[in-house]
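# Observations on the model geometry
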Amino acid sequence: GAIIVTTPQEVSIIDVKKEINFCKKVGINVIGVVENMSYLSMPLNEMRIQDLSDPSSGKDLNAKFQEFLRKESLEHCVACANVFPPTKGGAETMAKAMQVPFLGRIPLDTKIAIAAENGESILDSGVGAASNAFKKIVQDIAKTLGEEVALV
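Because the structure is predicted, anything quoted here is derived from the model rather than measured.

When helices and strands are counted, the protein shows five helices and four strands. If you list the helices and strands of the protein from N to C, you get β-α-β-α-β-α-β-α-α. Radius of gyration (C-alpha) of the protein: 19 Å, far over the 15 Å computed for a compact globule of 152 residues. Principal-axis analysis of the C-alpha atoms places the extent of the protein at approximately 60 × 35 × 25 Å. Per-residue burial for the protein yields a buried fraction of 31% across its 152 residues. In the protein, once contacts between residues fewer than 6 apart in sequence are set aside, the share between residues at least 24 apart is 68%. When the accessible area of the protein is evaluated, it comes to approximately 9700 Å², of which 56% is carbon and sulfur surface. Looking at the protein, you have 16 positive and 19 negative side-chain charges, and the mean spots of the two groups are 7 Å apart.

Next up, the structure:
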């Protein structure tokens, strides 16, 4: 079977539709569609805050922001943003229209890059939006194939 991966942009969705039609035509089972780089997931304590009203002022807002996060116990929170907003509904809408399973969304997440650079799996990193997304997708694929997977 095939697992089809796309990004939210329409140009990618158009290519994926062709891939799905090809799979159907030649009898390859489409296990499902995954939307990669679906959104940016960034831990708040890793963000840099800039004051764009006066770039020459050199105003450092990072210290104030970090202090606020500590004071409010928000160090564990993440910010999410649609970096590549889908113009026509994205992968989930396309999957429904093409009658194939939608497996989930994988965020842009610095933890993926760090794990890859270290030769590690994001699944071993424990927690986070990307790790959780991958684990859910792997479990759904295993279930579809009649397998069981134990992920911590």
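According to the stated counting rule, one finds four salt bridges in the structure shown. Glu35 is the salt-bridge partner of Arg105, the closest N and O atoms lying 3.6 Å from each other. Of this pair, Arg105 sits in strand β4 (residues 102-109) while Glu35 sits in strand β2 (residues 30-43), and the two are 70 residues apart along the sequence. On the basis of relative accessibility, which here comes to 3%, the residue Glu35 falls in the buried class. For Lys136, the salt bridge goes to Asp140, with nearest N and O atoms at 2.6 Å. Of this pair, Lys136 and Asp140 are both found in helix α5 (residues 129-144), four residues apart, which corresponds to roughly one turn of the helix. Classification of Lys136 as partly exposed rests on a relative accessible area of 48%. Classification of Asp140 by relative accessible area gives partly exposed; the value is 26%. It is possible to trace a salt-bridge network through shared partners that takes in Glu35, Glu92, Lys96 and Arg105.

Attention shifts here to helix α4 (residues 110-117). Where α4 begins, the capping side chain belongs to Asp109, and its oxygen is found 2.8 Å from the backbone nitrogen of Lys111. Positive backbone phi, approximately 70°, marks Gly119, located one or two places after α4.

Definitions and cut-offs
- Counting restarts for each chain, with residues numbered from 1 along the sequence as it is written.
- Local features in this predicted model are restricted to residues whose pLDDT is 70 or higher, and side-chain atom pairs enter the listing and the counts only when it is 80 or higher, whereas totals over whole chains, interfaces and linings include all residues.
- Remark: hydrogens and water are excluded; side-chain values derive from all non-hydrogen atoms of the structure.
- Going along the chain from the N terminus, every DSSP run of H or I of four or more residues is numbered as a helix, and every run of E of two or more is numbered as a strand.
- Throughout, the radius of gyration refers to the C-alpha atoms, and the reference size of a globule is 2.2 Å times the residue count to the power 0.38.
- Each residue gets one of three labels from its accessible area relative to the maximum for its type: buried under 20%, exposed over 50%, partly exposed in between, using a 1.4 Å probe on protein chains only.
- Two residues qualify as a contact provided that any one of their heavy atoms is within 4.5 Å of a heavy atom in the partner residue.
- Using the Shrake-Rupley algorithm and a 1.4 Å probe, accessible areas are obtained, with residue cover drawn only from the displayed protein chains.
- His residues and chain termini do not enter the charge count, which takes Lys and Arg as positive and Asp and Glu as negative.
- Lys charges are placed at NZ, Arg charges at CZ, Asp charges at CG and Glu charges at CD.
- The rule for a salt bridge is simple: a side-chain nitrogen of Lys or Arg has to be within 4 Å of a carboxyl oxygen of Asp or Glu.
- Within 3.5 Å is the distance limit for a polar contact, defined as a pair of N or O atoms, with the added protein rule that one can donate a hydrogen and the other accept it, and that residues adjacent in sequence qualify only through two side-chain atoms.

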